[in-house]
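Descriptive structure summary
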Amino acid sequence: VKSKKRKIYIDIMNAISHKNKVFISYDSVNSGHTERIIHPSELFNYKNEWFVAAFCEKRNEIRLFGLNNIEDYTVLDEKYDDEFLIEKRKKIWIKY
C-alpha cells in the first residue's frame, strides 16, 4: 500500500512540475465517487495525510483532494496555465 501512495505522490509532484492536468477517480466523503480533471498546484501533509491542492474543472474552483481518496488517476499530456491558478488563489486570499 505504501508503494501505491508513494507512486501517486511522485506522479502528482511531476505533474505539478510539468503543469500536466490529471484525471482522477475520487471517493469523496460528500459527493461519493466522482471523476474529475484537476490542475494540481501543491502537495501538503496535514495530520499525517497527504493532500493535493488543485483547480477542479468540474467545480471551477480550487479544491483539496486527499491522496488516500484517489482510487485511480492518469497524468494527462494536456498542460494547464498556472497564471490562471495564481489569479484564482488571489481571489481566494482576498476573501479572507
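Please read these numbers as outputs of a predicted model, since none were measured by experiment. Chains are numbered independently. Their residues run from 1 in the order of the written sequence. Thresholds applied to this predicted model are a pLDDT of at least 70 for local features of residues and 80 or more for the giving and counting of side-chain atom pairs; totals over whole chains, interfaces and linings are not thresholded and use all residues. With hydrogens and water stripped out, all remaining heavy atoms of the structure feed into the side-chain values.

The aromatic pairing rule takes the rings of Phe, Tyr and Trp, using the six-membered ring of Trp, and pairs them if the centres are within 6.5 Å, calling planes under 30 degrees apart stacked, those over 60 edge-to-face and the rest tilted. In this structure the tally under the stated criterion is three aromatic pairs. Residues Tyr9 and Trp50 carry aromatic rings whose centres are separated by 4.8 Å and whose planes lie at 65° to one another, so their mutual orientation is edge-to-face. Of this pair, Tyr9 sits in helix 1 (residues 2-18) while Trp50 is found in strand 3 (residues 49-56), placing the two residues 41 residues apart along the sequence. Relative to Phe51, the ring of Phe44 has its centre 5.5 Å away and its plane inclined at 15°; by these criteria the two rings are stacked. A run of H or I in DSSP counts as a helix once it spans at least four residues, and a run of E counts as a strand once it spans at least two, with each numbered from the N terminus.

Attention now moves to unusual backbone geometry. Phi is positive for Lys47, close to 50°, though the residue is something other than glycine. Here Lys47 is to be found in the loop between strand 2 (32-46) and strand 3. One non-glycine residue, Asn60, lies in the positive phi region at around 55°. Topologically, Asn60 is positioned in the loop between strand 3 and strand 4 (61-66). Throughout this description, buried means an accessible area under 20% of the type-specific maximum (1.4 Å probe, protein chains only), exposed means over 50%, and partly exposed covers the range between. Taking relative accessible area as the criterion, Asn60 reaches 47% and is therefore assigned partly exposed.

For the rest of this paragraph, the subject is the nonpolar core. One broad trend across soluble globular proteins is that nonpolar side chains are buried collectively. By nonpolar core we mean a set of buried residues, namely Ala, Val, Leu, Ile, Met, Phe, Trp, Tyr and Cys, connected to one another through side-chain atoms within 4.5 Å. Judged by nonpolar contacts, the single largest core of 16 residues is most densely connected at Ile12, Val22, Ile24, Ile38, Val52 and Phe65. Only helix 1, strand 1 (20-28), strand 2, strand 3 and strand 5 (70-79) provide two or more residues apiece to this core. With four residues, helix 1 is the single largest residue contributor to this core. If we ignore the near neighbours within four places in the chain, the residues touching Ile12 are Val22, Pro40, Leu43 and Val52. By the convention used here, residues are in contact when the closest approach between their heavy atoms is within 4.5 Å.

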